[in-house]
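Geometric and topological summary
If you want the building blocks of each chain, they are given just below.
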Amino acid sequence: MQQTNSFKGIAMLLLCAFIWGTAFVAQSVGADLLGPFSFNGIRSFLGAFFLVPCIAVIDKLSGKPLTFWGTDNDHKRGDLITGGICCGVLLTVASTLQQAGIAYTSAGKAGFITALYIVIIPILGLLVKKHVTFMQWAAVAVAAVGMYFICINEGFSINKGDLIILGCAVVFAVHIMAIERFTQLVDPVRMSAIQFFVCGCLSLPVIVWAEQPTLAAITAAWLPLAHAGIMSCGIAYTLQIAGQKYVNVILASILLSLESVFSVLAGWALLDETLTLREIGGCALVFIAILLAQMPERK
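The shown structure was predicted, so the numbers you read here are calculated from the model rather than taken from an experiment.

A word on helix α6 (residues 134–151). In this model α6 runs 26 Å from its N-terminal to its C-terminal C-alpha over 18 residues, within 8% of the 26 Å that 1.5 Å per residue would give. Restricting attention to buried positions, one finds in α6 the residues Q136, A139, A143, G146, M147, I150 and C151. Seen end-on, α6 carries its buried residues on one side only, within an arc spanning 105°.

Written out as structure tokens, the structure is:
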């Protein structure tokens, strides 16, 4: 029974990584039709509204009484609101940078550069006096070489899209650290729904007064929006929560990091994107760095 649950968890996490990886293609297509705030605002609202019935189903399956906040404890309710707002603000910044940068680079490169958050997190951990292992420092060194091959061309110039995506990876690293802090205190799926709602609300002013997308543009982008909102935000996040119940954290992290590989494959299959041999070598080094960063320290 335990082995069956383990296979079930692996399958869930692989599907989650596949959805996240192909979402880079959806974002790349969406970037040609909508501004970054319009795309992320609409997808965030879709994700938030989709998670509401998911919360009801999860509560029913676990035998919990269905309540809006998931608790009658005022302190926990305050943590849930605080966590949702903090993570929502960080998600708005990170996803907007990602959507803006992907307009100037390929979906495959964006996937690998974004995945660097796994390497960046240990470095940021130094700010809160967390121990950084030898393997994590090795990951930083390997990732730096990989990024050089991915982003720096023979003329020693860097694509501005790659640079924006790198900034997105840094903010995503802070976002993940915030999630780690608050999910210890509150229901993670409810907090995720709140963060998506906050992200959508923060995007609204820019959508209305600056980008002003037409109904025709939104209609044309319905498929990328549905994939990025419902599939990536709603279904994939729920698969991650469910899958991690049956798989240890190291294996789960490795499986989820495969989103970077799926982003390259999806970009090649759906958008006819190709990488140079130099860029492929850089992606391979970044993936090795991602694996190294997740290796536990030997006692």
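Resuming the write-up.
Moving on to the packing of helix α4 (residues 107–114) against helix α12 (residues 259–271). Taken N-terminus to C-terminus, the directions of α4 and α12 make an angle of 175°; their axes are 7 Å apart at the nearest point. As judged from the angle between their axes, α4 and α12 are roughly antiparallel. In contact with A107, G108, G111 and F112 of α4, α12 contributes S260, V261, S263, V264 and L271. The class makeup of the residues in the contact of α4 with α12 is 5 nonpolar, 4 polar and no charged.

For the structure shown, the criterion picks out 3 salt bridges. A salt bridge links K109 to D162; the nearest nitrogen and oxygen atoms lie 3.1 Å apart. Placement of K109 in helix α4 and of D162 in helix α7 (residues 160–182) is noted, with a sequence separation of 53 residues between them. Exposure class is identical for K109 and D162. Each is buried. Between K109 and E279 there is a salt bridge whose closest N-O contact spans 3.3 Å. Here K109 is found in helix α4, whereas its partner E279 is found in helix α13 (residues 277–293), with 170 residues between them in sequence. For the pair K109 and E279, a shared accessibility class is recorded, and that class is buried. Taken together, the shared-partner salt bridges connect K109, D162 and E279 into one network.

Criteria and cut-off values
- Residues numbered from 1 in each chain as written.
- Predicted model: local features only at pLDDT ≥ 70, side-chain atom pairs only at ≥ 80, totals over all residues.
- Heavy atoms only, no water.
- Helix = DSSP H or I, 4+ residues; strand = E, 2+ residues; numbered from the N terminus.
- Expected span 1.5 Å × (residues − 1).
- Buried < 20%, exposed > 50% of the residue type's maximum accessible area, 1.4 Å probe, protein only.
- Arc of directions from axis to C-beta.
- Axes fitted to C-alpha atoms, helices over the stretch in contact; angles between N-to-C directions.
- Parallel < 35°, antiparallel > 145°, perpendicular 65-115°, else oblique.
- Contact = heavy atoms within 4.5 Å.
- Nonpolar A, V, L, I, M, F, W, Y, C, P; charged D, E, K, R; others polar.
- Salt bridge = Lys/Arg side-chain N within 4 Å of Asp/Glu carboxyl O.

Geometry only, nothing functional implied.
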